[in-house]
Amino acid sequence: MKKITLLLCMGALALTLAGCGDDKDESSGGSSTAESSTAEESSAESSSPAEDESTSESVPEEGGSDAAQGWSEEMEGLKAAVIEAVGQDGYWPDMAMDAEMAETFYGLKADMYEDYLAERPMISNNVDELIIVRAREDKVDEVEAALNAYREANVNDTMQYPMNLGKVQASQVEKSGQYVIFVQLGGYAIDSENEEEVIRLCQEANQKAVEAIKNKLGE
């Protein structure tokens, strides 16, 4: 009888242990699945920023205007010759005009020239300008006409600052081979209270600039 009771107890104990083992396995399996899911989510989150960075990385635009990239070596050389002729203090233009602005302000379309330089002051009450255009061979007269039209519009502009009237009157357009030049320089010449003297000083500065450009071109 004791043996039967002992065997029954051992059987009951074995069943109990087997049940606990199953519960533990299920619990362990659930935990493992949860951990695996969490690890996958963490991996996805950690890789996401890298993917975002690679896809959002900016790509430099191709091309661009001459003004955005800097003037050509030839145009920089011509500008340097002008500055040497009129003096650093006498050259006030400091804002490059890109191709779109050159067309808007001066009527210079991209198909009219091979190369150009156009600069004016950032400050609106200054009017000093230098424009040098190497026109296409069949567009020289067209470029000259566009710059003359721009000059005439400035001369006839009644909204000009009084101090700039003499400087605008003294401006000139010059053609030299394929090159068309517009100069409206003079710097501190406007400090003179005599308008005739302002015009004379500005004309001298403009002529120096034109001669410096021609000399640089070997003419």
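Residues numbered from 1 in each chain as written. Predicted model: local features only at pLDDT ≥ 70, side-chain atom pairs only at ≥ 80, totals over all residues. Heavy atoms only, no water.

A.B. asks: How would you summarise the packing of aromatic side chains if you had to cite specific residues and measurements?
C.D. replies: Applying the stated criterion to the full structure yields 6 aromatic pairs. Here Trp 92 and Tyr 188 contribute two aromatic rings whose centre-to-centre distance is 4.9 Å and whose plane-to-plane angle is 85 degrees, an arrangement assigned as edge-to-face. Of the two residues, Trp 92 is situated in the loop between helix 3 (73-86) and strand 1 (95-96) and Tyr 188 in the loop between strand 5 (179-184) and helix 7 (195-216); the sequence distance between them amounts to 96 residues. Here Trp 92 falls in the buried class, since its relative accessible area comes to 16%. Owing to a relative accessible area of 51%, Tyr 188 belongs among the exposed residues under this scheme. Where Tyr 113 meets Tyr 116, the ring centres are 5.1 Å apart and the plane angle is 55 degrees; that geometry is what we call tilted. (Phe/Tyr/Trp six-rings, centres within 6.5 Å; stacked < 30°, edge-to-face > 60°. Helix = DSSP H or I, 4+ residues; strand = E, 2+ residues; numbered from the N terminus. Buried < 20%, exposed > 50% of the residue type's maximum accessible area, 1.4 Å probe, protein only.)

A.B. asks: Quick one: what's the story with the pattern of salt bridges, residue by residue and with numbers?
C.D. replies: Any two side chains of opposite charge can pair, so long as their charged atoms come close to each other. Considering all chains together, one arrives at 11 salt bridges under this definition. For Arg 134, the salt bridge goes to Glu 114, with nearest N and O atoms at 3.1 Å. Separated by 20 residues along the polypeptide, Arg 134 in strand 3 (residues 129-135) and Glu 114 in strand 2 (residues 113-120) bring together distant segments of the chain. For Glu 114, a relative accessible area of 41% translates into the label partly exposed. The partner of Lys 175 in a salt bridge is Asp 141, with the nearest N and O atoms 3.3 Å apart. With Lys 175 in strand 4 (residues 172-176) and Asp 141 in helix 5 (residues 140-155), this residue pair connects regions lying 34 residues apart in the sequence. Shared partners join several salt bridges into a network, and the residues in it are Glu 74, Glu 114, Asp 115 and Arg 134. (Salt bridge = Lys/Arg side-chain N within 4 Å of Asp/Glu carboxyl O.)

A.B. asks: A description of helix 7 should follow, citing residues and the corresponding values.
C.D. replies: For helix 7, which comprises 22 residues, the first-to-last C-alpha distance of 32 Å matches the rise-based estimate of 32 Å (1.5 Å per residue) to within 8%. Listed as buried for helix 7 are Val 198, Cys 202, Ala 205, Asn 206, Ala 209, Val 210, Ala 212 and Ile 213. Down the axis of helix 7, the buried set is contained in an arc of 160 degrees. They therefore lie on one face. In helix 7, the exposed positions angled more than 90 degrees off the buried face are occupied by Glu 196 and Asn 215. On the buried face of helix 7, the contacting elements are helix 3, strand 3, helix 6 (165-169), strand 4 and strand 5. You can read the cap of helix 7 off the contacts: a side-chain oxygen lies 2.9 Å from the backbone nitrogen of Glu 196, and it is on Asn 194. Two residues or fewer after helix 7 comes Gly 218, characterised by a positive phi angle close to 80 degrees. (Expected span 1.5 Å × (residues − 1). Arc of directions from axis to C-beta. Contact = heavy atoms within 4.5 Å. Polar contact = N/O pair within 3.5 Å; in protein donor to acceptor, adjacent residues only side chain to side chain.)

A.B. asks: I'd love a proper account of the layout of surface pockets, names of residues and values included.
C.D. replies: What the largest pocket holds in volume is close to 270 Å³. Taken together, the residues of the lining of the largest pocket break down into 10 nonpolar, 6 polar and 3 charged. (1 Å grid on protein atoms, 1.4 Å probe; cavity = no way out; pocket = protein on both sides within 12 Å on 5 of 7 lines; lining within 4 Å. Points joined across faces, edges and corners; volume = space filled by probe spheres on them. Nonpolar A, V, L, I, M, F, W, Y, C, P; charged D, E, K, R; others polar.)

A.B. asks: How would you sum up the sheet that holds strand 3? Please name residues and give values.
C.D. replies: Read across the sheet, 5 strands follow the order 1-2-3-5-4 without closing on themselves; strand pairing throughout is antiparallel. One side of each edge strand has no neighbouring strand; the edge strands of this open sheet are strand 1 and strand 4. Strand direction decides the pairing type here: strand 1 and strand 2, joined by 2 bridges, are antiparallel. Bridge pairing in strand 2 places Ala 96 opposite Glu 119. The sheet contacts of helix 7 involve strand 3, strand 4 and strand 5, and relative to strand 4 the element is tilted by about 15 degrees. (Pairing = 2+ DSSP bridges. Axes fitted to C-alpha atoms, helices over the stretch in contact; angles between N-to-C directions.)

A.B. asks: Could you give me a rundown of the pairing of strand 3, with the residues and numbers involved?
C.D. replies: Counting buried positions along strand 3 gives 6 out of 7 residues, so the element sits mostly inside the fold. Pairing of strand 2 with strand 3 involves 6 bridges; the strand directions are antiparallel. Across the sheet, the residue bridging to Tyr 116 is Val 133, located in strand 3. Here strand 3 pairs with strand 5 via 6 bridges, running antiparallel. For Ile 132, the partnering residue across the bridge sits in strand 5 and is Ile 181.

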